[in-house]
Every structure is written in C-alpha cells, then in structure tokens.
Amino acid sequence: MAGFSSDDDSNGFHDGDGNKTAGKVIKCKAAVVWAPGEPFMMEEIEVEAPRRLEVRLRILFTSICHTDLTAWMGENESQRVFPRVLGHEAAGVVESIGEGVEDLRPGDRVVPVFNGECGDCAACRSSKTNLCCGFAVDPNRSVMRSDGRVRFYCAGRDGVRRGVGAAWNAANVDEGSKVAIFGLGAVGLAVAEGARLRGAAQIIGVDINTDKFVKGREMGITEFVNPQDYTKSVHEVVRELSKGGVDYSFECSGNLDVLRQAFLSTHKGWGLTVVLGIHPSPRMLPLHPMELFERKMVASVFGDFKPKSQLPDIINKWIIGANKINLDGFITHELPFTEINQAFQLLSEGKALRCLLKL
Ligand code: APR
C-alpha cells in the first residue's frame, strides 16, 4: 500500500490542474513488508513514471482484504515475493499518464481494479466473461506486463486489489430462492447484500466466528449456523434448514474443506456453488468427479462485472443513485495509514470487515 506523502504539494501536484511530476520518478510513503508476517514498516519508496498504457495514481484511501492477509503471511506459494507493497482495494486520483492512455487524464478520480478491460478483444466483446484476453487478473504476477519489471523501489530494492456481483451475475440469484453463504467476512456479507436485493427468501450464514452473526443480521441473513455447534456435517445442517438443499451456495472463507461443505449443501439437480474464496493451499478440489453430475460449481472473479464498461453504471445506480447497497455497513473501522499494522491485526482477529486507511 502506497500513497503520496503529505507534502505532495511541494511536488507541485494539485488535482486536475496538471502536474510537475509527470514523467519523473517520485517519492512517496508506503507500508512495506520485508518478510512474511513481519510488521509493516513506513518507508519512503521511489515510484517510476508510468510507461505506455500505464497510469500513476495518488492513493487517498485504501483497505485490507483477506487476500492481503495471506500475501502478508507468504501463505500463497505463487506470491512469496518480498519485500513488497500490498493493497488492491483503494480509491485515488490520476497523477500522471503514460503514452497511449486516452480515456484518463490527471485529476480524474478513480477506483483501481485488478481485472482489466481493453474493450477490443474477443473476451471484452463477449457477454459471457469479464476476463480480458490481455489484462485479466493474474494472481501469480507481481511485475508489470509490459516489461516484466516493477515500478516501486525501496532502499535500492524492488518493493512491491466481488460479492454482490457473484450473487447477481455468477449465480443470478432469483426472487424467493434459498441461499447459503460460507464465511461471513466482507466478501460473504456482500453476497448476502446481493441476495437480499434480489429477493432471496432464505439466506443462511455459516461461520465459526459468532461475532459475525450480529453484522450478518443487518445484511439480510435470516439464519445462522456455527459448524462447531453440531456433531454432523454442516452441509447436512444446511440441507435440513432449507428442506432439501439451497439453490445457491457461496464459498467465501478460502478453506477447501468448507468448499466441499458448500458444494454438498445445495439441492440435487439444480444446486449451484459459486467459489469466491482464494485458496492458498496447493491441495486439489476435494470432490469426486461423479458428484458433478448432481450439482454445479463455478468461480467468480470481480463479481463477473466488466470493470470499465459495467462498474461505473453499478456505482451510479446502486450506490450513489438509489442508495440501495448498504456500502457504509462494510466499513467497520477507520484509521490513519500509519496504523496499518493495527488494521491487519483487526482483520486477522475477525474484528473488522473493512478498515478504511486514510492517507
Ligand atoms: N467455516 C466457516 N467459516 C469460516 C471457516 C470455517 N471453517 N474458516 C473461516 N471462516 C470465516 C471466518 O471466521 C471469517 O468470518 O470466513 C470468514 C472470512 O472472512 P475474512 O477473513 O474477513 O475474509 P474476506 O475479506 O471476506 O475474504 C474472503 O475471499 O478474497 C478472498 O482471500 C480471501 O479467501 C478469502 C475470501
């Protein structure tokens, strides 16, 4: 996570009035993690100028997701790159643009997303996917696509962003349907919000942390299951509560064993499971191929929304316009950026949904 330091104006940067830093290496403040699980250090880092089709942003707010937790701990084998600057849930302003960038200019307010959209390729022209052929999310990559290099440097070394959409797009939850959500962090509760807005009749929330049930009730969850309260498998409990199985289940905990429970909790014949959790374990899916004859399973990246062509409309219609998605409910804490270690502590202890870090 990185942002311009508070003396940015000394660099001549003002929103929308051009800037003196374009094309130059700039210095900014970043929370750098030097080794797995070590505390974040506030460092001054150098950020290279944006190259062709790249933009450099002034980050104003950021937040932490469970994926940041696993990356911080070095749990995901493909992401053990240290030192690094984490963060993929932010909001900011365009500071300068690289060659060939035509739809953004300095001063534009933006929400950076990890899944790109060129608008021209076969995937972007198709309504069946949001995985652009050229700029789709690549969780194994920690360098820029154009030249395989990084843009952040710290002390001479390299230092290195879905739920509503899953309910609307990947599952297409319909009015009166039955839903089970496994893992009630911000991702799972966003699924609940999406299912509530679609008029689901039953939304069962499953979590081992009962503190999550309080917030879950505000987000439309109708019944709660703590697997630790039962001797039988949680999928059996969910199937009993839903009288035969839910129509849709969502795996939002990032745990492969939970994924199996989510899969088996759906109704035979038409049950659909949507995978949202990121599974750092190198283990393969715990399913027998024959089980796929009875139920279906899909995964969803970025809620299946196309980031450039669909997200602005969703924000205008569902967040700013009719104010229907309870976005504020997801921000449980606010802290200054310098308190990032406390923010990680809150998330890892299950006390925060999202902690807004102000730069
Ligand atoms: N059974 C049920 N719930 C579980 C279990 C389990 N065995 N293990 C963990 N959980 C719950 C946690 O108690 C927590 O409430 O899953 C929830 C996960 O929430 P967060 O840690 O806040 O994660 P979130 O940011 O919502 O992300 C969820 O999506 O982005 C990915 O990597 C991320 O896999 C993670 C998932």
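An unreviewed UniProt entry annotates the protein chain as Alcohol dehydrogenase-like 4 originating from Platanthera guangdongensis. A UniProt comment under Sequence similarities (unreviewed entry) is attached to the protein chain, and it reads "Belongs to the zinc-containing alcohol dehydrogenase family." Per UniProt, the protein chain has the following entry under Subunit (unreviewed entry): "Homodimer."

S.K.: Help me understand the overall build of the protein chain in this model?
M.R.: Broken down by element type, the protein chain carries 9 helices and 17 strands. Computed over C-alpha atoms, the radius of gyration of the protein chain comes to 21 Å, within 12% of the 21 Å expected from 2.2 N^0.38 for 359 residues, which places it in the range of a compact globule. Across its three principal axes, the protein chain shows a C-alpha extent of roughly 65 × 45 × 40 Å. The proportion of buried residues among the 359 residues of the protein chain is 47%. As displayed, the protein chain offers around 17,500 Å² of accessible surface, 52% of which is attributable to carbon and sulfur atoms. Across the protein chain, the centroid of the 42 positively charged side chains sits 4 Å from that of the 46 negatively charged ones.

S.K.: How should the pattern of salt bridges be read in this particular structure?
M.R.: Between side chains of opposite charge, a pair can form when the charged atoms approach closely. According to the stated counting rule, one finds 20 salt bridges in the structure shown. Arg 56 serves as the salt-bridge partner of Glu 95, at 2.7 Å between the closest nitrogen and oxygen. Remark: Arg 56 occurs in strand 4 (residues 55–63) and Glu 95 occurs in strand 6 (residues 89–97); sequence separation between them is 39 residues. Given a relative accessible area of 5%, Arg 56 falls into the buried group. Salt-bridge contacts for Lys 268 lead to Glu 294; the nearest nitrogen and oxygen are separated by 3.7 Å.

S.K.: Help me understand the pairing of strand 14 (residues 272–275), please; the structure alone is not making it clear to me.
M.R.: Consecutive side chains along a regular strand alternate between the two faces of the sheet. Covered by surrounding structure in strand 14 are Leu 272 and Val 274 together with Thr 273 and Val 275, the residues of both alternating faces. As paired elements, strand 13 (residues 248–251) and strand 14 share 4 bridges and run parallel to each other. Bridge assignment links Ser 249 to a residue of strand 14, and that residue is Thr 273. Handedness of the strand 13-helix 7 (residues 256–264)-strand 14 crossover: right-handed. Relative to strand 15 (residues 296–299), strand 14 runs parallel, the two sharing 4 bridges. Within strand 15, the position partnered with Val 274 by the bridge is Val 298.

S.K.: Would you take a moment to explain helix 7 for this structure?
M.R.: All of the buried residues in helix 7 are Leu 256, Leu 259, Gln 261, Ala 262, Phe 263 and Leu 264. Tucked inside the fold, the buried residues of helix 7 contact strand 10 (178–182), helix 6 (234–241), strand 13, strand 14 and strand 15.

S.K.: Would you mind going over unusual backbone geometry with me for this structure?
M.R.: Not every positive phi belongs to a glycine, and Lys 243 is a case in point at roughly 55°. One can find Lys 243 in the loop between helix 6 and strand 13. A relative accessible area of 71% places Lys 243 in the exposed class. We note that Phe 302 has phi near 55°; this positive angle belongs to a residue other than glycine. Counting through the fold element by element, Phe 302 comes out in the loop between strand 15 and helix 8 (311–321). Classification of Phe 302 by relative accessible area gives buried; the value is 7%.

S.K.: Could you clarify how one ought to interpret the packing of aromatic side chains in this entry?
M.R.: The geometry of two aromatic rings is summed up by the distance between their centres and the angle between their planes. A full pass over the atoms with the stated rule returns 6 aromatic pairs. Clustering of aromatic rings is evident, with ring pairs tying together Phe 40, Trp 72 and Phe 344.

S.K.: Quick question: what am I supposed to make of the environment of Ile 314 here?
M.R.: Mapping Ile 314 onto the fold places it in helix 8. On the basis of relative accessibility, which here comes to 17%, the residue Ile 314 falls in the buried class. Each C-alpha atom of the pair Ile 314 and Gly 165 lies 9.8 Å from the other, and the pair is 149 residues apart in sequence. Not counting residues within four places of it along the chain, the set of residues in contact with Ile 314 comprises Trp 168, Phe 305 and Ile 319.

S.K.: Would you mind going over the sheet that holds strand 6 with me for this structure?
M.R.: As summarised here, the arrangement of the 5 strands in space is 7-6-4-17-16, forming an open sheet in which the pairing is mixed. The outermost strands of the open sheet, each flanked by one partner alone, are strand 7 (109–110) and strand 16 (331–336). In the packing of helix 9 (residues 340–348) onto the sheet, the strands contacted are strand 16 and strand 17 (354–358), and the crossing angle to strand 16 comes to about 160°.

S.K.: What should I look at first to understand the sheet that holds strand 10 in this one?
M.R.: Across a sheet, strands are paired by hydrogen bonds formed along the backbone, either parallel or antiparallel in direction. Taken together, 6 strands build an open sheet; the order of strands is 12-11-10-13-14-15 and the sheet is parallel. Taken across any chain shown, the strands that pair with only one partner, and hence form the sheet edges, are strand 12 (223–225) and strand 15. Pairwise comparison of adjacent strand axes, ignoring direction, gives a mean angle of 20° for this sheet. Bridge count between strand 11 (residues 202–206) and strand 12: 3 bridges; the pairing is parallel. Bridge pairing links Val 206 to Val 225 in strand 12. Strands in contact with helix 6 are strand 10, strand 11 and strand 12; relative to strand 11, the strand with the most contacts, it is inclined by about 160°.

S.K.: Got a minute to help me understand the confidence of the model for the protein chain in this structure?
M.R.: Low-confidence regions, as indicated by low pLDDT, have predicted coordinates that should not be scrutinised in detail. In this model, the protein chain carries a mean pLDDT of 87, and residues with pLDDT of at least 70 account for 91%. Low pLDDT (under 50) marks residues 3–18, which in the prediction has 31 contacts with non-local residues, meaning those over four places away or in another chain.

Reading the values: rules and limits
- Within every chain, residues take consecutive numbers counted from 1 along the sequence as written.
- The predicted origin of the model limits local features to residues at a pLDDT of at least 70 and limits the giving and counting of side-chain atom pairs to 80 or more, whereas totals for whole chains, interfaces and linings rest on all residues.
- By convention in this description, side-chain values take in all heavy atoms of the structure and omit both hydrogens and water.
- UniProt positions are given in the numbering used here, feature names are shortened, and annotations may be inferred rather than shown by experiment.
- For helices the rule is a DSSP run of H or I covering at least 4 residues; for strands it is a run of E covering at least 2, with both sets numbered from the N terminus onward.
- This radius of gyration counts C-alpha atoms alone. The globule rule is 2.2 Å times how many residues there are, raised to the power 0.38.
- We call a residue buried when its accessible area falls under 20% of the maximum for its residue type, exposed when it is over 50%, and partly exposed in between, using a 1.4 Å probe and counting protein chains only.
- Accessible surface area values rest on a Shrake-Rupley calculation with a 1.4 Å probe, where residue burial reflects the displayed protein chains alone.
- Here Asp and Glu are counted as negative and Lys and Arg as positive; His is not counted, and neither are the chain ends.
- A charge is said to be at NZ when it belongs to Lys, at CZ for Arg, at CG for Asp and at CD for Glu.
- Each salt bridge in this description consists of a side-chain nitrogen of Lys or Arg and a carboxyl oxygen of Asp or Glu lying within 4 Å of one another.
- Strands qualify as paired when DSSP identifies two bridges or more between them.
- Handedness rule for crossovers: strands pointing away from the viewer, path from the first strand over the helix to the second running clockwise, crossover right-handed.
- We call two residues in contact whenever any of their non-hydrogen atoms come within 4.5 Å of each other.
- Aromatic rings from Phe, Tyr and Trp, taking only the six-membered ring of Trp, are treated as a pair when their centres fall within 6.5 Å; an angle between ring planes under 30 degrees marks them as stacked, one over 60 as edge-to-face, and anything in between as tilted.
- As a rule, the C-alpha atoms of each element are fitted with a line to give its axis, helices using only the stretch in contact, and angles between N-to-C directions run from 0 to 180 degrees.
- The predictor attaches a confidence to each residue, and that confidence, scored 0 to 100, is pLDDT.

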